[in-house]
Amino acid sequence: MSYSLGIDSSTQSCSALVIDVESGVVVAEAAVNFGDRLPEYGAPSGFIAGGEGGEVHSDPRMWLDALEILLGDLSERCDLSKVAAISGAGQQHGSVYLNAGWHEVVGSLDSGKGLAEQLDATFSRSTSPIWMDSSTGEECAEIAAAVGGDEVVCAKSGSVAIERFTGPQIRKFYKSDVAAYEETARIHLVSSFLCSVMIGGDAALDTGDGAGMNLVDISCWEWDGDLVDATAPGLMEKLPAVCGGDSVVGELGEYFVEKYGFSAGVPVTIFTGDNPSSLVGMGASEPGKVVVSLGTSDTFFAAMPDVVADPAGCGHVFGNPVAGSMSLQCFVNGSLAREGVKDKFGYDWDQFTSAFTVTPSGNGGHLMLPFFSPESSPRLDLGGPVLLGGEVFERWGDGDAAVRACVEGQFINMKLRTAWMGLSPEVIYLTGGASQNDAIAQVVADVFQTRVERLVVSGSVGLGAAMRAAVNSLGKSMGELEAMFCQPDAGSALEPGVEAGVYEAVSEEFERALVAAMATD
Ligand code: XUL
């Protein structure tokens, strides 16, 4: 019995993969797209359309139905009785509200009926706010004010009070429907809710996902009494326990054994958030490796040697489900900014890429603060990019210099804004659409003075879950599993090609320009 199952309940789909940890192969994969397979929930992109004032909710019954379809599909693709370890991950921050009936119902699920049908009566709030919800600005301010300001929230919980985080969402629910809040006996995250259902009991939540709530004290990974009190009255007793990512929280429930052909007694490792799980699935759960994902927005995340919070309040600290902590920082101006410069000059991607061959590293004094839209790292809204370096360049008269200035500016900014993490990476794993562009990847290597390797990461969240379960229950080491399942494309590795000094000088200039621009912001 050497199969490990990893489940990923994300925004638009629920997917899973089964790995064989002896032969090192992925045995089976399946995915259920909510919009396609469950159109009756009116959520083509995984959330209920038409939310007002920034509200974005999903129906937790949809997640349960998807889990059932997923396991059904998977049981046709592999022999689930060979699965000997299970874990999973969920989209972060989303919350599920359950009444006093929850404990009993989840503990006595009948495999002759559906999950959603049986758990239906246990929801004290019929829908779940998810991470895309930005409706809680007022509640963030109230929580911060109650504990002494955003710096205090950040130092305690690893992030300033943020609209999508669970604490502010809970506070909003309490304020808008006190009776339903009072009827709530348990509040779970998406991850701990699904884990509970799988073990047929009330599961703890892990430090990785728990830290995305603005409620957990990252110095000891326990609920922070001040934050919990500032969020809503009587909240502490509604919260599950917080445990490390190495906890086995129970055995797979009878429901799943009877319905999908699993063996009895399979240990279930605590579920975590999708980002912490992805850190593991990318083979970066030990300090020394950094993951930079280049997408609509760019994201930087890494296992951290020490638990520190971002003094500027832009980054996040979550528990690392393997050990210690991890950081995550988003840069809103990612691909859209790169595209913005490309389009400004009517370039195609080949012309964009060629710009790097005709401009020098450091860009001969041409500098850009590449913020086309409001940015979160640093938090600013300059109303558009700022160009510095001569009259022609500043009036957008030099396309090649502008392309390089944009990309150099993005990664200089990323390096400066992530310095608080105290990392000295040996390698940067670059993922996401733009990571395949050698010119962009070379700028990353040069600015960070670090080797860059490209990772193909489809399914890293589910893979991370299966790997964690295998470490906890099948006696495998993370190193062995990484060697089997997470090999970066070594052939496409890039080394830094310029002296460190080139970008040190440009970084200083960039920071001066940024301070000046923010002063007039
Ligand atoms: C992280 C975040 C998203 C969600 C959904 O803070 O909000 O990445 O985890 O993927």
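Positions within a chain are numbered from 1, following the residues in the order the chain's sequence is written. Given that the model is predicted, a residue must reach a pLDDT of at least 70 before its local features are reported, and side-chain atom pairs must reach 80 or more before they are shown or counted; all residues, however, enter totals for whole chains, interfaces and linings. To get the side-chain values, all heavy atoms of the structure are used, and hydrogens and water are removed first.

**Overview of the sheet that holds strand E25 (residues 451–454)**
Spatial strand order, E18-E19-E17-E16-E24-E25-E26: seven strands in an open sheet with mixed pairing. In this open sheet, the two strands that pair with only one neighbour each are strand E18 (316–319) and strand E26 (489–494). Strand-to-strand twist in this sheet, taken as the mean axis angle between neighbours without regard to direction, amounts to 25 degrees. Only strands joined by at least two bridges in the DSSP assignment are considered to pair. Segments assigned H or I by DSSP are reported as helices when at least four residues long, segments assigned E as strands when at least two residues long, and all are numbered from the N terminus. As paired strands, E18 and strand E19 (residues 325–331) are joined by four bridges and run antiparallel to one another. Bridge pairing links Phe318 to Met326 in E19. Only heavy atoms matter for contacts: two residues are in contact if any of them lie within 4.5 Å across the pair. Axis geometry follows a simple rule: fit a line to the C-alpha atoms, using only the stretch in contact for helices, then measure angles between N-to-C directions, giving values from 0 to 180 degrees. Sitting on the sheet, helix H18 (residues 438–448) is in contact with strand E16 (289–294), strand E17 (298–304), strand E24 (427–431), E25 and E26, with an inclination near 145 degrees to E25.

**Details of the site of the ligand**
Definition of nearness: a residue and a molecule or strand are near each other if at least one heavy atom of the residue lies within 4 Å of the molecule or strand. Near the ligand you find Gln92, His93, Trp131, Arg164, Asp274 and Asn275, and these make up its full shell. Here a polar contact is taken to be a pair of N or O atoms separated by no more than 3.5 Å, where protein atoms must pair a possible hydrogen donor with a possible acceptor and residues adjacent in sequence count only if both atoms sit in side chains. Within the side chain of Arg164, a nitrogen or oxygen atom sits 2.8 Å from an oxygen atom of the ligand. Alone, the ligand offers 290 Å² of accessible surface; in the complex the protein occludes 86% of this. Here a cavity means grid points, on a 1 Å grid over the protein atoms only, where a 1.4 Å probe fits yet cannot get out; a pocket means an open set of points with protein on both sides within 12 Å along at least five of seven lines; lining residues are those with an atom within 4 Å of a point. For this analysis, a molecule is said to be in a pocket or cavity if more than half of its atoms are within 2 Å of the grid points defining it. In this structure, the ligand is accommodated by the largest pocket. Areas reported here follow the Shrake-Rupley algorithm with a probe of radius 1.4 Å; residue values treat only the protein chains shown as occluding.

**Some words on the pairing of strand E1 (residues 3–9)**
Each residue is assigned to one of three classes by its accessible area relative to the maximum for its type, calculated with a 1.4 Å probe on protein chains only: buried under 20%, partly exposed between the two thresholds, exposed over 50%. Of all seven residues that make up E1, seven are buried, and the element is covered over most of its length. Judged from the seven bridges that link them, E1 and strand E5 (residues 83–90) form a sheet pairing that is parallel. Each residue of the ladder has a partner; that of Leu5, found in E5, is Ile86. Where E1 meets strand E2 (residues 13–20), seven bridges bridge the pair, whose relative direction is antiparallel. The partner of Asp8 across the bridge, within E2, is Ser15. Turn length for the E1-E2 hairpin, with the two strands adjacent in sequence and antiparallel, is three residues.

**Re the nonpolar core**
To form a nonpolar core, buried Ala, Val, Leu, Ile, Met, Phe, Trp, Tyr and Cys residues must be joined to one another through side-chain atoms within 4.5 Å. Ranked by size, the top nonpolar core spans 95 residues in total, and within it Leu215, Trp223, Leu235, Phe300 and Phe411 carry the most contacts. Note that domain bounds follow an automatic or database assignment of domains. Split by domain, this core shows at least three residues from each of two domains, domain 1 (3–276) and domain 2 (284–454 + 490–521). Setting aside its immediate chain neighbours within four residues, Trp223 contacts Leu205, Met213, Leu215, Val216, Asp217, Val228, Met236, Leu239, Pro240, Ala241 and Val242. Formed by 53 residues, the second largest nonpolar core is a distinct cluster that contains Leu71, Leu98, Val190 and Val257.

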